[in-house]
Amino acid sequence: MKVAIIAPPYPLAEAPAPPLGVSYVAAAFLAAGAEVRVFDYIVRRYTEAKLQAELDSFQPDIVGATSVTLNFPGAAAILTAVKRYRPEVVTVMGGPHVSFTAAATLQAYPGIDIIVMGEGEETINELVNAEFDERKLSMIRGIAYRSNGEPVVNEARAFIADLDALPLPARHLLPLSRYRALGYPISIITGRGCPYKCIFCQGRRMVGAKIRSRSASLVVDEIEEIMSYGIDRINVADDLFVTDRKKVRAVCDEIRRRGLRFSWSAFARVNTVDRETLEIMKATGCDSISFGVESGNPEMLIRIKKKITLPQVRRAVRLCQDVGILPHTSFVVGLPGESPETLADTRKFASSLGSLYGYHILAPFPGTTVRERVAEYDLEILTDDWTRYDANRAITRTSRLRPEDIDAFVDEFEGEIMKGWHKQVRNYQTGANSPAEDLQVAGYFRTQFVYRLLSEDLIERLGEDEVGEDEAGSEERLCRRLIATTGTDEALVRRAVADFISRGFIKYGTRVGIPGGKPGWFWTHNNKIDSLS
């Protein structure tokens, strides 16, 4: 059985890490005996022609996709295109959005055959063993499908008890050279489950209330594997890693025992950190922690069931600063009952902490309490256009705040940041910055350049040479084409290209998978192999 897994487009400006969910799904299919490929359209431009070419090349029996709410429409459109081009292929979708909209999704998207709800690994194993036979689907828990044209939602599957039994995420199938060029950290999880009941979060329903931890040795096995791909920055993505102090110590002790050196960051709750644990984390390379605070108003924290206090926030930030870890605090605006007064409280509190901080705008995702029980709150949801669920612009109102008011609050904050940034950019151009400030500006422009390389397939489009052109001048030819196409600073382009070559992200030679057969530049798959083809 051949399985293609789609990583659907996602905004590069939202700092996507190599998709962890896709990696776990791919590993589950591999463990079940399938041959698997990942069609990654996050760091490659998506076109229907490219999709068709890759379907023709791999000839999959099954095509799956996973998505969050923001990129669900794009993922659904891709599976619809798959079904239109190859009607015999079985199409499958998983992820948090469809887990809570299964019947509605099947009704609205006839191109999607099966939905996997919640944790998918054991469900995938059963589907493969059943060979996706529609006569056996009724016996498989955790899926939704159609019978006689009508959606059928099967019984939910129990959460996986032993996470150590799962294979490591199949990151070897991802185009890691492209992700390394993008420069964002790679994410891992050390466990699943959340006992908290925050009304704006899907997490508890997706992964259960009971915390299930992976063993320290297996977590560090995964870290070692990640490092073998030349990656030296990792983010621990589960909020509750720091909750279990014994587990933190065990993981950090194992990192030290193996002599691993890398930098890492983590998410944490403010009511779970202590000095000793933070010092242990710092000693093994942790340099930043992000805390979800959500509001600077005590009554709001109670309303959203955050189960933290403002003194706990101050203490957590101070502890991080004391041990040399950079704290970041994030806040959500537009929460139920939000008012000018609660926003003022949040602004005052956030600015008083001395941490880096930022704002998201409430997006009431399917599966959240705030959406499913919205009638109980001072909140009105204004749209079900999922493409607007990016937490950047308001899609709700309260009795005292219009969406324009919510947007204006965030815009004012970001406007102040942009004033300082524009000054820093001007100083970069005139030579008035410090070296650290110049490094920030140069990094920003490089990132914007990389966005264009990836989203517009510029290496593929501009890297081709004519037969007979010598390799010696190929780097210069590539740089000239990139400068002419993007209008990017010449020195920046030349530095970036030279860096990509030296680190093996791009190479010169026969371009595998690119029509024409001419020599030129191409992205390598990872630091171990040039291509999976």
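Cut-offs used in this document
Residues numbered from 1 in each chain as written. Predicted model: local features only at pLDDT ≥ 70, side-chain atom pairs only at ≥ 80, totals over all residues. Heavy atoms only, no water. Helix = DSSP H or I, 4+ residues; strand = E, 2+ residues; numbered from the N terminus. Contact = heavy atoms within 4.5 Å. Salt bridge = Lys/Arg side-chain N within 4 Å of Asp/Glu carboxyl O. Buried < 20%, exposed > 50% of the residue type's maximum accessible area, 1.4 Å probe, protein only. Axes fitted to C-alpha atoms, helices over the stretch in contact; angles between N-to-C directions. Parallel < 35°, antiparallel > 145°, perpendicular 65-115°, else oblique. Left-handed = near helix turned anticlockwise from the far one by under 90°. Nonpolar A, V, L, I, M, F, W, Y, C, P; charged D, E, K, R; others polar. Pairing = 2+ DSSP bridges. Right-handed = clockwise from strand over helix to strand, strands pointing away. Phe/Tyr/Trp six-rings, centres within 6.5 Å; stacked < 30°, edge-to-face > 60°. Expected span 1.5 Å × (residues − 1).

Novice: For this particular structure, what's the right way to read the environment of Ile42?
Specialist: Summarising the element assignment, Ile42 is placed in the loop between β2 (35–40) and α2 (48–58). Note: C-alpha distance between Ile42 and Thr105 (63 residues apart in sequence) is 23 Å. In contact with Ile42, not counting residues within four places along its chain, are Ala7, Pro8, Pro9, Tyr10, Leu12, Pro16, Pro19 and Tyr179.

Novice: What am I meant to see in the pattern of salt bridges here?
Specialist: When the charged atoms of two side chains with opposite charge come close together, those side chains can pair. Tallying each qualifying case throughout the model produces 43 salt bridges. In this structure, Asp411 engages Arg393 in a salt bridge whose closest nitrogen and oxygen atoms are separated by 2.8 Å. Here Asp411, found in helix α16 (residues 403–430), pairs with Arg393, found in the loop between β16 (380–381) and β17 (396–397); they are 18 residues apart in sequence, far enough to count as distant. By relative accessible area, Asp411 is classed as partly exposed at 35%. Across the pair Lys507 and Asp530 runs a salt bridge whose closest N-O atoms are separated by 3.0 Å. Within this pair, whereas Lys507 is found in strand β18 (residues 506–510), its partner Asp530 is found in the segment after β19 (519–523), the two being separated by 23 residues in sequence. Note on Asp530: relative accessible area 33%, which makes it partly exposed.

Novice: What exactly am I supposed to notice about the packing of helix α10 (residues 245–258) against helix α11 (residues 275–283) here?
Specialist: Between two packed helices, what matters for the description is the angle formed by their axes and the separation of those axes. Between α10 and α11, whose axes approach to 10 Å, the crossing angle comes to 20°. Here α11 runs roughly parallel to α10, going by the angle between their axes. Seen from above, α10 lies across α11 with left-handed handedness. Packed against α10, whose contacting residues are Arg245, Val248, Arg249, Cys252 and Arg256, the element α11 presents Glu276, Thr277, Ile280, Met281 and Ala283 at the interface. Along the lines of polarity and charge, the residues of the contact of α10 with α11 split into 5 nonpolar, 1 polar and 4 charged.

Novice: Would you mind showing me how to read the pairing of strand β13 (residues 286–294) here?
Specialist: Within a regular beta strand, the side chains point alternately toward one face of the sheet and then the other, so they alternate between its two faces. Counting buried residues in β13 gives 7 out of 9 residues, a clear majority hidden from the surface. Sheet topology places strand β12 (residues 263–268) next to β13; 5 bridges connect them, and they run parallel. Along β13, the bridge assignment pairs Ala266 with Ile289. Since β12 and β13 lie parallel, the crossover through α11 that links them has a hand, and here it is right-handed. Of the strand pairs in this sheet, β13 and strand β14 (residues 326–333) are connected by 6 bridges, and their pairing is parallel. Following the sheet pairing, Ile289 is matched in β14 by Pro327.

Novice: In this structure, what is going on with the packing of aromatic side chains? I would like to understand it.
Specialist: Geometrically, a pair of aromatic rings is defined through the distance of the ring centres and the angle of the planes. Counted under the stated rule, the structure contains 17 aromatic pairs. For the pair Tyr41 and Tyr46, a centre-to-centre distance of 5.0 Å together with 70° between the ring planes defines the contact as edge-to-face. Judged by relative accessible area, Tyr46 falls into the partly exposed class, the value being 25%. On the basis of an interplanar angle of 80° and a centroid distance of 4.8 Å, the ring pair of Tyr359 and Phe413 is categorised as edge-to-face. Taken together, the residues span a long stretch of sequence, with Tyr359 in strand β15 (residues 356–361) and Phe413 in helix α16 at a distance of 54 residues. The exposure class of Tyr359 is buried, given its relative accessible area of 9%.

Novice: Just checking my understanding: could you explain the pairing of β15 for this structure?
Specialist: Of the pairings in the sheet, the one linking β14 to β15 comprises 6 bridges and is parallel in character. What sits directly across from Val333, in β15, is Ile361. Handedness of the β-α-β unit built from β14, helix α14 (residues 340–352) and β15 comes out right-handed.

Novice: How do you make sense of the side chain of Ser330 when you look at a structure like this?
Specialist: Mapping Ser330 onto the fold places it in strand β14. Classification of Ser330 by relative accessible area gives buried; the value is 17%. In contact with Ser330, other than residues within four places in its own chain, are Phe291, Gly292, Val293, Glu294, Gly358 and His360.

Novice: Looking at this structure, how should I read the sheet that holds strand β7 (residues 150–153)?
Specialist: Strands belonging to one sheet form pairs held by backbone hydrogen bonds; the direction of such a pair is parallel or antiparallel. Taken in spatial order, the 7 strands make up an open sheet running β2-β1-β3-β4-β5-β6-β7, and their pairing is mixed. At either margin of the open sheet sits one strand with a lone partner, and together these are β2 and β7. When strand polarity is set aside, the average angle formed by the axes of neighbouring strands in this sheet is 25°. Sitting on the sheet, helix α1 (residues 20–31) is in contact with β1 (2–7), β2 and β3 (62–66), with an inclination near 175° to β1.

Novice: Please explain the packing of α1 against helix α6 (residues 121–129) as it appears in this structure.
Specialist: At a minimum axis separation of 9 Å, α1 and α6 run at an interaxial angle of 35°. α6 is crossed by α1, and the crossing has right-handed handedness. Within the contact between the two elements, α1 uses Tyr24, Val25, Ala28 and Phe29 and α6 uses Glu121, Ile124 and Val128.

Novice: I tried to follow helix α13 (residues 310–323) on my own but got confused; where do I start?
Specialist: Given 3.6 residues per helical turn, the α-helix brings residues three or four places apart onto the same face. Given a rise of 1.5 Å per residue, 14 residues ought to cover 20 Å, and the 20 Å separating the end C-alpha atoms of α13 matches this to within 8%. Among the residues of α13, Leu310, Val313, Ala316, Val317, Leu319, Cys320 and Val323 are the ones counted as buried. Turning to α13, the residues buried within the fold contact α11, β13, α12 (298–303), β14 and α14.

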